[in-house]
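Chain and residue survey
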Amino acid sequence: MSHQHLDGRGESTEATSQYLTFALGHEEYGIDILRVQEIKGFSAVTPIPNSPAYVKGVMNLRGTVVPIFDLRLKFGMDPQAYDRFTVIVVVNVGARIVGLVVDAVLDVLDIENASIEPAPDLGASIDTSVLQGIARNQDRLISLLAIDQVVGTDHITTIAA
Amino acid sequence: MNDMEIDLKRFQDTFFEEAAEHLETIESGLLRLEETGDELELLNTIFRAAHSIKGAAGSFGFNELGSLTHALENVLDQLRSGRRASDPALTQLLLGASDTLGEVVAATKKGEAAGIPIAGLVHELEASVNSAAAPAAVAAVVATAAAPLAGQVLQITFEPEREFFRQGQDLFLLFDEIAQVGEIVESRCHREALPDLEALDPEASYLGWEIRVRTKRSARDVRDIFLFVEGACRLEIVAEAVAAAAAVAGATKTAAAAPAPERRANADRRVESSSIRVPTEKVDGLINLVGELVISQAMVNQSLAEQSLSAALEEALSAVQRTTRELQEQVMAIRMLPIGTVFQRFPRLVHDLGVKLGKRVRLDIEGADTELDKGVIEQLGDPLTHLIRNSVDHGIEDPEQRRDVGKREEGVVTLRAFHEGGNVIIEVTDDGKGLDRARIRDKAIAQGLMRSDQALNDEDVYGLIFAPGFSTATVVSDVSGRGVGMDVVKRNVESLNGAITVSSTPGNGSRFRIRLPLTLAILDGLSVQLGREVFIVPLLSIRQSVRPAAEDVRNVLGGRGEVFLLRGEQLPLVRLSRLFSIAGAVEDPTKGIVVVTETDGHRLGLLVDDVLGQQQVVVKSIERNYRKIEAVMGATILGDGRVAFIMDVAELQRIASRRKTRDVTAGREVPAEHDVPVPAQEEKS
């Protein structure tokens, strides 16, 4: 992970934000690094009965029960067998902790806020609310995830008592 | 400078915590006064609590608090010195004062004390003191005449520590108070410790005093003056005659000769100071860590199990295991509190309700020292409040009605807690008119909760009062009867993994019975295998486990439902692998095990692959990071570090009862509740 852009975190102004980028298939995604708690290798999860396919189950994160979501399945991509590069990115969503299964972690990038373009309108059938925007890094196109939307909306809602 | 500010803040926090406790002492004391008459020990307790607030309020400069407690203290002082007797009106005034005091404490904490008008109340208290003082003065004269030599000479030896002034103490206040208790016969100042001027620290305290004071008060009363400086000084208070006797005996240490009650008072205080205040989060953090330690320890044991170990290592491992277990038990015990901490608010509630409703009601409390998890106790306040309101409002009759049916005018509500098996039982009983079966039935039919042709037994009819929106109160009062309450009570109790039942005898009252687990944090479970997964079934709800014979499992309604025959009794059979969509589990019941569970009198057979063993598990929340999972009450972490789900047997029972809805996994219709013959209850074997 080399980056000329990273002049040291202390000097980064508010005009730029740091993102952790990862791969899903041939696509590159980014998450605001301040939301990332840790990165873990994939280990055994306990499946949750009668849950959607992308909810892989729960795992024990130092005594806390954390749900694990497969982002490929969440985004409707083909499932891929987990291998030694498969990692879980543990993120904070509000007060909750959730784990996201991604193909591989790629980089940590400083991205200028001004350079982030809003997600294009892909038609009514495709929900782009999960995207905070799209950033360009040289010839790479990075989809920046609005993580609260990704895991915060449909399936992590509390059931009204 | 900054450090000092922080320190002051911390002292203030402690003050507010303690003030809350003192307020409780005052309130519960005042309420008990009605029963005990003006018992001196009780009056002293109340007085000391008020005095403590006053003293600390004074040192922090909380003037409103100070003047209010001062006025309160004057009235209390009259009571405990026997210069007046308490009566209901006075009790009411004092209770009102303690309420306002609570408000002022709360407001002071927010720094808004000036906003609460207290002048009126202070005035009222003062007026009360003055009105009582007139006849009391006569009594005092009589007393003096009868015992002209009343009063004793107390010898006070008082040596502040060096740090005395740095703690913000004021000697002059103390001296003023001493001067008020009687006549100072003699006072001597000890200057032996005073150093040379160069060595003198102007902020330190070097002096000591010997004061002889002639007073009618006891040594203990005089000691109260020093309540706030006791930790910061050497203090001896001895009655002169005793001191003289001690001197004769050649004792140099006068403290040793102090009268026995004095010493006991000291012992009491030492017991108090041997406990420490710890924020709940710290305890919870500790519990979490110990939980992890238990798991890690199990993992170590598991991974070493295959290897041959030296005897020494073997021994060390088992020592670690033993200590870990003990540690866990001890840490869990920290969270256990006597249930009295929640009970103590109810005497006031009952008192106020009685006044408001024009009823005479007494609250009896039994088993206040029964211990229960703090988390459970905290959530018990609301449901118990509802139940007690309900008993006073709907259960207890008006005094005239009670007289007419030959009962004592004073109704009794009993709040009782005790252990039963691994559970805590809390009962709210009243000796009122009992539940009106016919009215409940009519109302339930009107609200569509039951059909008019349905025959229900008493227990089921009474159970209807827990249905949402159900209320039989003819008049909606602000006490209870809005149709919210009993269903909330039931929900609250169930959220604590507990159950509530009600029984009633017309004319003799009703009894609500709450069954609760000792703690929410750990439970005894049976681990069972389903496919490759392990689940935990709470041991409390398990009656037995059996390997069924082929003829024990029967299809009903063309295979749409299954029953399990347990010695002729038919139980609904739940195939957990289907309910939880688990592949690779046992299909043939004769190759699996049926775990028979019972909740609230309903039995259920759960088909699992195998029973692995019994273990104590630490309950972890799933909702914290995810959401509720159907038929699962929580999760735990197994010895190998994997997560296992803990089944919610009560919910499984409900699912089995409303199988009218589609069986999600089988995707076919299963029979409705009344189609599956639910067997009559059988005595537990």
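As the structure is a computational prediction, the values presented were derived from the model and not from experiment.

Definitions and cut-offs
Residues numbered from 1 in each chain as written. Chains lettered and ligands numbered in written order. Predicted model: local features only at pLDDT ≥ 70, side-chain atom pairs only at ≥ 80, totals over all residues. Heavy atoms only, no water. Helix = DSSP H or I, 4+ residues; strand = E, 2+ residues; numbered from the N terminus. Buried < 20%, exposed > 50% of the residue type's maximum accessible area, 1.4 Å probe, protein only. Contact = heavy atoms within 4.5 Å. Phe/Tyr/Trp six-rings, centres within 6.5 Å; stacked < 30°, edge-to-face > 60°. Lys NZ or Arg CZ within 6 Å of the ring centre and 35° of its normal. Polar contact = N/O pair within 3.5 Å; in protein donor to acceptor, adjacent residues only side chain to side chain. Core = buried A, V, L, I, M, F, W, Y, C linked by side-chain atoms within 4.5 Å. Pairing = 2+ DSSP bridges. Axes fitted to C-alpha atoms, helices over the stretch in contact; angles between N-to-C directions. Expected span 1.5 Å × (residues − 1). Salt bridge = Lys/Arg side-chain N within 4 Å of Asp/Glu carboxyl O. pLDDT = per-residue confidence, 0-100. 1 Å grid on protein atoms, 1.4 Å probe; cavity = no way out; pocket = protein on both sides within 12 Å on 5 of 7 lines; lining within 4 Å. Points joined across faces, edges and corners; volume = space filled by probe spheres on them. Nonpolar A, V, L, I, M, F, W, Y, C, P; charged D, E, K, R; others polar. Buried area = accessible area lost by both parts, 1.4 Å probe.

Tallying secondary structure elements over chain A gives two helices and ten strands in all. In sequence order, chain A lays out its α and β elements as β-β-β-β-β-α-β-β-β-β-β-α. Looking at chain A as a whole, 45% of its 161 residues qualify as buried. Excluding contacts between residues fewer than 6 apart, the proportion of contacts in chain A whose partners are at least 24 apart in sequence is 57%.

Turning our eyes to something else, we now look at the packing of aromatic side chains. All chains considered together, the criterion is met by ten aromatic pairs over all chains. Look at tyrosine 54 of chain A and phenylalanine 69 of chain A: their rings are 5.8 Å apart centre to centre, the planes differ by 45 degrees, and that puts the pair in the tilted class. Residue tyrosine 54 of chain A is found in the loop between β3 (36-41) and β4 (55-61), and its partner phenylalanine 69 of chain A is found in strand β5 (residues 64-70); the two are separated by 15 residues along the sequence. Judged by its relative accessible area of 1%, phenylalanine 69 of chain A falls in the buried class. Ring geometry for phenylalanine 158 of chain B against tryptophan 209 of chain B: centres 6.3 Å apart, planes inclined by 25 degrees, an arrangement best described as stacked. Highlighted residues: phenylalanine 158 of chain B in strand β1 (residues 152-160) and tryptophan 209 of chain B in strand β3 (residues 208-215), separated in sequence by 51 residues. Residue tryptophan 209 of chain B is classed as buried on the basis of its relative accessible area, which comes to 14%. Among the aromatic residues, those joined into a ring-pair cluster are Phe22, Tyr29 and Phe75 of chain A. One cation-aromatic arrangement involves arginine 80 of chain B over phenylalanine 47 of chain B; the distance from NZ or CZ to the ring centre is 3.6 Å.

By secondary structure assignment, the location of aspartate 373 of chain B is in strand β7 (residues 371-373). Engagement of the side chain of aspartate 373 of chain B in a polar contact is seen with the side chain of arginine 335 of chain B, the distance being 3.0 Å.

Grouped together as the largest cluster of nonpolar side chains are 58 residues, with contacts concentrated most on Val91 and Leu100 of chain A together with Leu576, Phe580, Phe645 and Met647 of chain B. For leucine 100 of chain A, the residues in contact, after removing those within four places along its chain, are Ile31, Phe69, Leu71, Val87, Ile88, Val89, Val91, Ile147 and Val151 of chain A. Met450, Tyr462, Val493 and Phe512 of chain B belong to the second-largest nonpolar core, a separate cluster that totals 44 residues.

A few words on the sheet that holds strand β10 (residues 140-145) of chain A. All names here are of chain A. One open sheet holds the five strands; their spatial order is β8-β1-β2-β10-β9, and the pairing between them is mixed. Both edges of this open sheet fall to β8 (104-112) and β9 (131-137), since each of them pairs with a single strand only. The average undirected angle you get between the axes of adjacent strands in this sheet is 35 degrees. Relative to β10, strand β2 (residues 27-32) runs parallel, the two sharing three bridges. Bridged to glutamate 28 within β10 is isoleucine 142.

Turning our eyes to something else, we now look at the sheet that holds strand β11 (residues 509-517) of chain B. Residue and element names in this part refer to chain B. The strand order across the open sheet formed by five strands is β6-β8-β9-β11-β10, and the pairing between neighbours is mixed. Edge positions in the open sheet fall to β6 (361-366) and β10 (499-505), since each of these has one partner strand only. Each strand axis lies, on average, 15 degrees off the axis of its neighbour in the sheet, ignoring direction. Judged from the six bridges that link them, β6 and strand β8 (residues 411-420) form a sheet pairing that is parallel. Across the sheet, arginine 362 pairs through a bridge with valine 412, a residue of β8. Along the sheet, helix α13 (residues 346-357) contacts β6 and β8; its crossing angle with β6, the most-contacted strand, is approximately 165 degrees. In this fold helix α19 (residues 486-495) packs onto β10 and β11, with an angle of close to 135 degrees to the strand it touches most, β10.

Attention now goes to helix α15 (residues 381-395) of chain B. Residue and element names in this part refer to chain B. Taking 1.5 Å per residue, 15 residues should reach 21 Å; α15 reaches 20 Å between its end C-alpha atoms and fits that length. Among the 15 residues in α15, eleven count as buried, and that is most of the element. Among the residues making up α15, those that are buried are Gly381, Pro383, Leu384, Thr385, Leu387, Ile388, Asn390, Ser391, Val392, Asp393 and Gly395.

Oppositely charged side chains can form a pair if their charged atoms are brought close together. Applying the stated criterion to the full structure yields 40 salt bridges over all chains. The salt bridge partner of arginine 72 of chain A is aspartate 103 of chain A, with a shortest N-O separation of 2.8 Å. Residue arginine 72 of chain A is located in helix α1 (residues 71-74), and its partner aspartate 103 of chain A is located in the loop between β7 (96-102) and β8; the two are separated by 31 residues in the primary sequence. Overlapping salt bridges, with partners in common, bring together Glu366, Arg416, Glu427, Arg511 and Arg513 of chain B in one network.

What follows is about the confidence of the model for chain B. All names here are of chain B. Here chain B shows a mean pLDDT of 78. Residues at 70 or above account for 83%. Every residue in residues 242-273 is under pLDDT 50, and counting partners more than four places away or in other chains gives 21 contacts. Low confidence marks residues 660-685, where pLDDT is under 50. Its contacts with residues over four positions away, or in another chain, come to 43 contacts.

The next point concerns empty space enclosed by the protein. Residue and element names in this part refer to chain A. Per the counting criterion, the structure on display carries two cavities of 30 Å³ or more. Volume-wise, the largest cavity comes out at about 40 Å³. Lining of the largest cavity is provided by Asp70, Arg72, Gln80, Ala81, Tyr82, Thr86, Val101, Val102 and Asp103. Looking at side-chain class alone, the lining of the largest cavity contains four nonpolar, two polar and three charged residues.

Contacts between the two partners involve 21 residues from chain B, matched on the other side by 27 residues from chain A. It is Asn625, Tyr626 and Arg627 of chain B in chain B that bury the most area against chain A; as a group they hold 35% of the surface buried on that side. At the junction of chain B and chain A, the tally comes to zero salt bridges. Here chain B is connected to chain A by eight residue pairs in polar contact (both at pLDDT 80 or more). Within the residue set of the side of chain B that touches chain A, elements represented by two or more residues are β13 (533-538), β21 (632-637) and β22 (643-647) of chain B. When its residues are assigned to classes, the side of chain B that touches chain A shows nine nonpolar, five polar and seven charged.

A positive phi angle, near 50 degrees, is found at glutamine 138 of chain A, a position not held by glycine. Although it is not a glycine, serine 581 of chain B adopts a positive phi angle of roughly 50 degrees. Looking at where serine 581 of chain B falls in the secondary structure, it is placed in the loop between α20 (576-579) and β18 (593-599). For serine 581 of chain B, a relative accessible area of 45% gives the class partly exposed.

This next bit is on the environment of alanine 81 of chain A. Tracing the sequence through the fold places alanine 81 of chain A in the loop between α1 and β6 (87-93). When the C-alpha atoms of alanine 81 of chain A and aspartate 103 of chain A are compared, they prove to be 9.6 Å apart, with 22 residues separating the residues in sequence.

All names here are of chain B. Its 25 residues give helix α10 (residues 280-304) an end-to-end C-alpha distance of 36 Å, which sits within 8% of 36 Å, the value for a rise of 1.5 Å per residue. For α10, the set of buried residues is Val283, Ile287, Val290, Gly291, Val294, Ile295 and Gln297. Of the surrounding elements, those touching the buried residues of α10 are α11 (311-334), β20 (610-618) and β21.

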